[in-house]
Amino acid sequence: MADYLAEWSLQTGITVEMWALPKQPLPAVIAEIVHGTIRDVLQEVERQASTRTVSIALTVAASGLRLTVSDDGSGMSAEFEARLHGRRAEVAGLGGRLTVNGVRGEGTTISAAVPPDRLSRSGLA
């Protein structure tokens, strides 16, 4: 993931700050959902043209998995929120929750949380 984010940043000119990434690999099903969510958000960020920085934190702890992707752009569109429906369903399928909080003109934060019992069943916690 770190290599993908660095390459994306070089291609777009948008700074990516990685605040945290897990040391151990994620189980395949969880990695697919996390990486897909990040890719979807980055594609939307590219469309905005006003974003200068994207911050990403992905942590795995006894409390579960937490993903936060924030940007300083113009705020996510209603169309993008609708496109995230599939990602919300995937996270919900893991017993988790995906939320979108945007402030027009100030940016957006997408957060996902997966409970620890789902991680332990996947061999992570």
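Below is a short write-up of the structure. (Residues numbered from 1 in each chain as written. Predicted model: local features only at pLDDT ≥ 70, side-chain atom pairs only at ≥ 80, totals over all residues. Heavy atoms only, no water.)

Axis separation between helix H1 (residues 2-12) and helix H2 (residues 28-48) bottoms out at 12 Å; the angle between their running directions is 10 degrees. Here H2 runs roughly parallel to H1, going by the angle between their axes. Packed against H1, whose contacting residues are Tyr4, Leu5, Trp8 and Thr12, the element H2 presents Ile38, Arg39, Leu42, Val45 and Glu46 at the interface. By residue class, the composition of the contact of H1 with H2 is 6 nonpolar, 1 polar and 2 charged. (Axes fitted to C-alpha atoms, helices over the stretch in contact; angles between N-to-C directions. Helix = DSSP H or I, 4+ residues; strand = E, 2+ residues; numbered from the N terminus. Parallel < 35°, antiparallel > 145°, perpendicular 65-115°, else oblique. Contact = heavy atoms within 4.5 Å. Nonpolar A, V, L, I, M, F, W, Y, C, P; charged D, E, K, R; others polar.)

Let's shift gears to the sheet that holds strand E3 (residues 64-71). What holds strands together in a sheet is hydrogen bonding between their backbones, with the strands either parallel or antiparallel. Spatially, 5 strands are ordered E1-E2-E3-E5-E4 in an open sheet, and the strand pairing comes out mixed. The sheet is open, and its two edges are formed by strand E1 (15-20) and strand E4 (97-103), each paired on a single side. Averaged over neighbouring strand pairs, the angle between their axes works out to 10 degrees when direction is ignored. In terms of strand pairing, E1 meets strand E2 (residues 53-61) through 5 bridges, oriented parallel. In the sheet register, Glu17 faces E2, and the bridge partner there is Ser55. (Pairing = 2+ DSSP bridges.)

Bringing H1 into the picture now. Among all positions in H1, only Leu5, Trp8 and Ser9 are buried. Buried residues of H1, seen end-on, are gathered within an arc of 100 degrees and therefore sit on one face of the element. In H1, the exposed residues that point more than 90 degrees away from the buried face are Asp3, Leu10 and Gln11. For H1, the elements touching its buried residues are E1, H2 and E2. (Buried < 20%, exposed > 50% of the residue type's maximum accessible area, 1.4 Å probe, protein only. Arc of directions from axis to C-beta.)

Considering all chains together, one arrives at 1 cavity of 30 Å³ or more under this definition. Each pocket or cavity is described by its volume, and for the largest cavity that value is around 60 Å³. Taken together, Ile30, Ile33, Val34, Thr37, Leu65, Leu67, Val91, Leu94, Ala112 and Val114 make up the full set of residues lining the largest cavity. Broken down by element, the residue count for the lining of the largest cavity peaks at 4 residues, all from H2. Considering only residue class, the lining of the largest cavity consists of 9 nonpolar, 1 polar and no charged. (1 Å grid on protein atoms, 1.4 Å probe; cavity = no way out; pocket = protein on both sides within 12 Å on 5 of 7 lines; lining within 4 Å. Points joined across faces, edges and corners; volume = space filled by probe spheres on them.)

So yeah, pure geometry; function would need other evidence.
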